[in-house]
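# Understanding the architecture of this molecule
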Amino acid sequence: HFLSSSIFLFPAMESQAPPYMLNIDSDQALYLVKHGASLLVLDFPQSNLFGFDLQMFSVGPYFMGFKMIPPGPHFIYYSAKSRHGNESSPITGFFINPAPGEVIVRRWDAKEERLVKLLDGTEEERYQLAVKNFDFDCQLGAYDIHCYRVWKQLTAYIDSSTLERLEPVGGDISVIAEATFADGHTAPEDKGKSSGRCFYTSIPHLVKCPGVSGSELTALNVDKSVLLETVLEQHYGCSEDAILGELQFSFVAFLMGQSLESFGQWKAIVSLMLSCEAAPLRRRTQLFIKFLELVYFELKTGLKPDNTANGDSPSLDASWLLDDNFLQLLYKDFFLMVREAQHVDGGLLKQARRLKNFLESSFSWVLEDENFNIANENEYAPTVVEEAEIMEQMKL
């Protein structure tokens, strides 16, 4: 069975080819129809951009959503075009986490230019029943199952608890809302007052421990394994998967949702992990194996969007990493630490080498150059603090 979405979806770059066609047998199609979820989108304007997971489209006149969606986390994002069609608004996005067979309904609010939930529960139930009765079947595009393997790997650690903990009020992730608070320092508990900002975990850049010497504090900032343990215990309930889930959440929100706050959170978690020495070699080896594999797959997918044969896929501008060389500085030290360790897990070494090779080939970085100057300063570089400065900080 060939399932085509070409009558109501068009690649975002206006090419003449249909976005995708699914070549699946009848048993697979029947399974997806029975167990797949649906997203019904009411009144979404023609030619606006609509993204679902790895692909973004310019919608046609018959578009009303998607069907045969695999259960689990997905990311929806969209952009409204101006009246003249020559400009588009910033991306707004939100996660959904449908159960098997669930029907999610959203309506386009023309005044606010965003998708909203239906306030009338009876109306929502009527639309849900209509979808289950196949009344909108011709207006719903089949989910591109050929891209699902890549998407599932990108979101493997995102679960319902991740979404409940991190999602903004109302669910919408918006760079416009972030810009509103760009000049302020809103506390995490105050973020609930505004929609569009995620409840990200606060990751300290500097370890501060009253009562320790300057040399001890310097050691704690050079090897942040103790800080990692503290963060895991205080914010993630000692769950390794929880911090990986937040890393994936922030990457998706940045790559698809263009959230600058999410990029900052992704950097903060990556920085913390790459600043650890004892943890990857001892207590948290399996966490770091998963972490290195995850970052490798994220960067490979974002920088080289060959995960889809048709349609348009969001891609990561390499300049985001090239212009800010925090990853180069941190990963160089991390790889040297792993390489020179007397005892290192084979899986950890394998993942470290794979990510190193990818970074060197993608960015032309030289991560084993002895003349590389780690003193190229940025906010994520290891902090060395003089004793007098420590004592002065403790008085404040």
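See the structure shown above.
Residues numbered from 1 in each chain as written. Predicted model: local features only at pLDDT ≥ 70, side-chain atom pairs only at ≥ 80, totals over all residues. Heavy atoms only, no water.

Right, let's get into the overall build of the chain. Scanning the chain for helices and strands turns up 15 helices and 13 strands. Taken over 396 residues, the chain has a buried fraction of 51%. Taking the contacts inside the chain whose residues are at least 6 apart along the sequence as the reference set, 71% of them involve residues at least 24 apart. Summed over its atoms, the accessible surface of the chain is roughly 19,100 Å², and 50% of this surface lies on carbon and sulfur atoms. (Helix = DSSP H or I, 4+ residues; strand = E, 2+ residues; numbered from the N terminus. Buried < 20%, exposed > 50% of the residue type's maximum accessible area, 1.4 Å probe, protein only. Contact = heavy atoms within 4.5 Å. Areas by Shrake-Rupley, 256 points an atom, 1.4 Å probe, with all protein chains shown as cover.)

This part takes up empty space enclosed by the protein. Scanning the model with the defined rule gives two cavities of 30 Å³ or more in all. Estimates place the volume of the largest cavity at around 80 Å³. For the largest cavity, the lining is made up of 10 residues, of which F52, D53, Q55, Y143 and D144 are closest to its centre. (1 Å grid on protein atoms, 1.4 Å probe; cavity = no way out; pocket = protein on both sides within 12 Å on 5 of 7 lines; lining within 4 Å. Points joined across faces, edges and corners; volume = space filled by probe spheres on them.)

To continue, consider the side chain of R284. Relative to the assigned elements, R284 resides in the loop between α10 (278–281) and α11 (285–303). Polar side-chain contacts of R284 include one of 2.9 Å to the side chain of E229. For R284, the side chain forms a polar contact with the side chain of E240, separated by 2.8 Å. Setting aside residues no more than four positions away along its own chain, R284 makes contact with E229, L232, C238, E240 and A279. (Polar contact = N/O pair within 3.5 Å; in protein donor to acceptor, adjacent residues only side chain to side chain.)

This paragraph deals with the pattern of salt bridges. Inspection of the entire model under this criterion finds 13 salt bridges. For the salt bridge of D43 with R107, the shortest nitrogen-to-oxygen distance reads 3.6 Å. Of this pair, D43 sits in the loop between β4 (37–42) and β5 (49–52) while R107 sits in strand β10 (residues 103–109); the two residues are 64 residues apart in sequence, bridging distant segments of the chain. R107 sits in the partly exposed class, given a relative accessible area of 23%. (Salt bridge = Lys/Arg side-chain N within 4 Å of Asp/Glu carboxyl O.)

Counting residues in hydrophobic clusters, the biggest one holds 93 residues, and the most contacted among them are F50, L228, F288, F291, Y331 and L359. Element by element, the count of residues in this core is highest for α11, at 11 residues. The contact partners of L228, leaving out residues within four places of it in the chain, are I243, L272, M273, C276, A279, L287 and F288. Grouped together as the second largest cluster of nonpolar side chains are 11 residues, L42, V103, Y127 and F136 included. (Core = buried A, V, L, I, M, F, W, Y, C linked by side-chain atoms within 4.5 Å.)

Our focus in this paragraph is the sheet that holds strand β11 (residues 114–117). Spatially, β11-β10-β4-β7-β12 is the arrangement adopted by the five strands of the open sheet, whose pairing is mixed. Both outer strands of the open sheet, β11 and β12 (141–142), are each paired with one neighbouring strand and no more. Sheet topology note: the strand β7 (residues 65–69)/β12 ladder contains two bridges and is parallel. Bridge pairing in β12 links F66 to G141. Packed onto the sheet, helix α2 (residues 121–132) meets β4 and β10 and runs at close to 120 degrees relative to β10. (Pairing = 2+ DSSP bridges. Axes fitted to C-alpha atoms, helices over the stretch in contact; angles between N-to-C directions.)

Mapped onto the secondary structure, S174 falls in strand β13 (residues 173–174). Assessed through its relative accessible area of 11%, S174 is described here as buried. A polar contact of 3.2 Å, which involves the side chain of S174, links it to the backbone nitrogen of I176.

Attention now moves to the layout of surface pockets. Its boundaries defined by the atoms lining it, the second largest pocket holds a volume of some 370 Å³. Looking at the second largest pocket, it is lined by 17 residues, and the ones nearest its centre are F94, F95, R106, K117 and G170. At the level of elements, β9 (92–96), β10 and β11 are the ones that each hand at least two residues to the lining of the second largest pocket. Here the lining of the second largest pocket gets four residues from one element, more than from any other, and that element is β11.

Spanning 15 residues, helix α13 (residues 326–340) covers 22 Å between terminal C-alpha atoms, matching the ideal 21 Å at 1.5 Å per step. Across the 15 residues of α13, 12 count as buried, placing the element largely inside the fold. For α13, every residue scored as buried is listed here: F326, L327, Q328, L329, L330, Y331, K332, F334, F335, L336, M337 and V338. (Expected span 1.5 Å × (residues − 1).)

Our next topic: α2. Because the α-helix completes a turn every 3.6 residues, residues three or four places apart line up on one side. Spanning 12 residues, α2 covers 17 Å between terminal C-alpha atoms, matching the ideal 16 Å at 1.5 Å per step. Every buried residue of α2 is listed here: E123, Y127, A130 and V131. The buried residues of α2 all sit within an arc of 100 degrees when viewed along its axis, so they share a single face. Residues T122, E125, L129 and K132 are exposed on α2 and point more than 90 degrees away from its buried face. Looking at the packing, one finds that the buried side of α2 touches β4 and β10. Taking the backbone nitrogen of T122 as reference, a side-chain oxygen 2.9 Å away marks D120 as the first, capping residue of α2. Just downstream of α2 lies F134, where phi reads positive at about 65 degrees. (Arc of directions from axis to C-beta.)

What follows is about the packing of aromatic side chains. Considering all chains together, one arrives at 25 aromatic pairs under this definition. Ring geometry for Y78 versus W108: centroids 5.7 Å apart, planes at 80 degrees, classification edge-to-face. Pair noted here: Y78 is in strand β8 (residues 74–79) and W108 is in strand β10, with a separation of 30 residues, a long-range link. The exposure classification of Y78 matches that of W108, with both residues buried. Feature note: the residues F44, F50, F52, F57, F63, F66, Y78, W108, Y143 and Y148 constitute an aromatic cluster, connected by ring pairs. Stacked on the ring of Y127, the Lys or Arg R126 has its end atom at 5.9 Å from the ring centre. One cation-aromatic arrangement involves K356 over F335; the distance from NZ or CZ to the ring centre is 5.1 Å. (Phe/Tyr/Trp six-rings, centres within 6.5 Å; stacked < 30°, edge-to-face > 60°. Lys NZ or Arg CZ within 6 Å of the ring centre and 35° of its normal.)

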